[in-house]
Amino acid sequence: MTQDELKKLAAESALAYIKRDMTVGIGTGSTVNHFIAALVRMKHDIGMTVASSIQTEQQLKQHGIEFTALNNVGTVDIYIDGADEANTHHYLIKGLGGALTREKVIASAAKQFICIIDQSKKVDVLGNLSPVPVEVIPMARSYVAREIVKMGADPVYREGIQTDNGNQILDVHNLKITDPVIMEKMLNNIPGVVENGIFAKRPADVIIMATPEGIRTI
């Protein structure tokens, strides 16, 4: 199976967690796009959806699926999203698409967080495959980068990218994540940081991982 076929398999498997009249939070990315396409089958059964990005809103609109703002629903029954990395403790790295802040807000508001991945995203230690995205307010970008260098990591400004919140992204390479919960907090404590892509304080509840042998639920 190709990687895209595995993504589609994981995405379609998440439909089993969707119940009638649920408010469904929906993440951002290529795997989630497959989930949105599959959700069309149930669009008249669910209550409402909440999107984590403008990109996702556009996808939902294209498929005729209603969405609203998080402020209008308060809580979310279930949140479905992918990840750039995931470990067996359900800790994740997310945000290479730039939507990490809104993704983390909706994940935190959700009663259940289902992460859908293909097997290439499974790691033993976070940071082995991808950098950690850090969303920063524009005037603080250089300061935040210098503070991250002091931590022994290598921040790279993602040029030409503006988040849906009007901010910028630093991709942090070579960050030693021995304790994801502590590292998430340390990055967020730097003045000027809006949010970072380590999802440890609010990890996934269930990870649906597609492999060539089928679905594995972690």
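Fair warning: this is a prediction, and the values are worked out from it, not measured in the lab.

Asks: Would you mind going over helix α6 (residues 180-188) with me for this structure?
Replies: Working note: α-helix, 3.6 residues per turn, so residues spaced by three or four point in the same direction. Those residues of α6 that fall on the buried side of the exposure criterion are P180, M183, E184 and L187. Projected down its long axis, α6 carries its buried residues within an arc of 105°, all on one side. Capping the start of α6 is the job of one residue whose side-chain oxygen sits 3.1 Å from the backbone nitrogen of V181: D179.

Asks: Whenever I open this one, the environment of R216 confuses me. Can you help?
Replies: For R216, the location among the structural elements is in strand β14 (residues 214-217). Residue class for R216 comes out partly exposed when judged on its relative accessible area of 45%. When the C-alpha positions of R216 and T178 are compared, they lie 26 Å apart, and in sequence the two are 38 residues distant. Residues contacting R216, with those up to four places away along its chain left out, are I207, I208 and M209.

Asks: Just checking my understanding: could you explain the sheet that holds strand β8 (residues 132-136) for this structure?
Replies: In space, the four strands of this open sheet follow the order β9-β10-β8-β11, with antiparallel pairing throughout. At either end of the open sheet lies a strand with only one pairing partner, and these are β9 (154-157) and β11 (193-196). Pairwise comparison of adjacent strand axes, ignoring direction, gives a mean angle of 30° for this sheet. Where β9 and strand β10 (residues 168-173) come together, four bridges link them in antiparallel fashion. Bridge pairing in β10 links V156 to D171. Strands in contact with helix α4 (residues 100-109) are β8, β10 and β11; relative to β11, the strand with the most contacts, it is inclined by about 65°. Sheet contacts for helix α5 (residues 141-150): β8, β9, β10 and β11; angle to β10, the most-contacted strand, approximately 15°.

Asks: Whenever I open this one, the sheet that holds β14 confuses me. Can you help?
Replies: Whenever strands of a sheet pair, they do so through backbone hydrogen bonds, lying parallel or antiparallel. The mixed open sheet is built from seven strands, whose spatial order is β3-β2-β1-β4-β7-β13-β14. With partners counted over all chains shown, the strands left at the sheet margins are β3 (67-68) and β14, one partner each. As paired strands, strand β2 (residues 48-51) and β3 are joined by two bridges and run parallel to one another. Looking at β3, one finds that T49 is bridged to F67. Packed onto the sheet, helix α2 (residues 30-39) meets β1 (23-26), β2, β4 (76-81) and β7 (110-118) and runs at close to 150° relative to β1.

Asks: Just to check I follow, could you spell out the side chain of T163 for this structure?
Replies: Here T163 is to be found in the loop between β9 and β10. Filtering out sequence-adjacent residues up to four positions away, T163 remains in contact with G98, E135 and I169.

Asks: What should I look at first to understand the pairing of β7 in this one?
Replies: Across a regular strand the side chains alternate sides, sitting on one face of the sheet and then on the other. Counting buried residues in β7 gives seven out of nine residues, a clear majority hidden from the surface. Pairing between β4 and β7: five bridges, direction parallel. Bridging from a neighbouring strand, V76 pairs with A110 of β7. Of the strand pairs in this sheet, β7 and strand β13 (residues 206-211) are connected by five bridges, and their pairing is parallel. Looking at β13, one finds that I114 is bridged to V206.

Rules and cut-offs
- Residues numbered from 1 in each chain as written.
- Predicted model: local features only at pLDDT ≥ 70, side-chain atom pairs only at ≥ 80, totals over all residues.
- Heavy atoms only, no water.
- Buried < 20%, exposed > 50% of the residue type's maximum accessible area, 1.4 Å probe, protein only.
- Helix = DSSP H or I, 4+ residues; strand = E, 2+ residues; numbered from the N terminus.
- Arc of directions from axis to C-beta.
- Polar contact = N/O pair within 3.5 Å; in protein donor to acceptor, adjacent residues only side chain to side chain.
- Contact = heavy atoms within 4.5 Å.
- Pairing = 2+ DSSP bridges.
- Axes fitted to C-alpha atoms, helices over the stretch in contact; angles between N-to-C directions.

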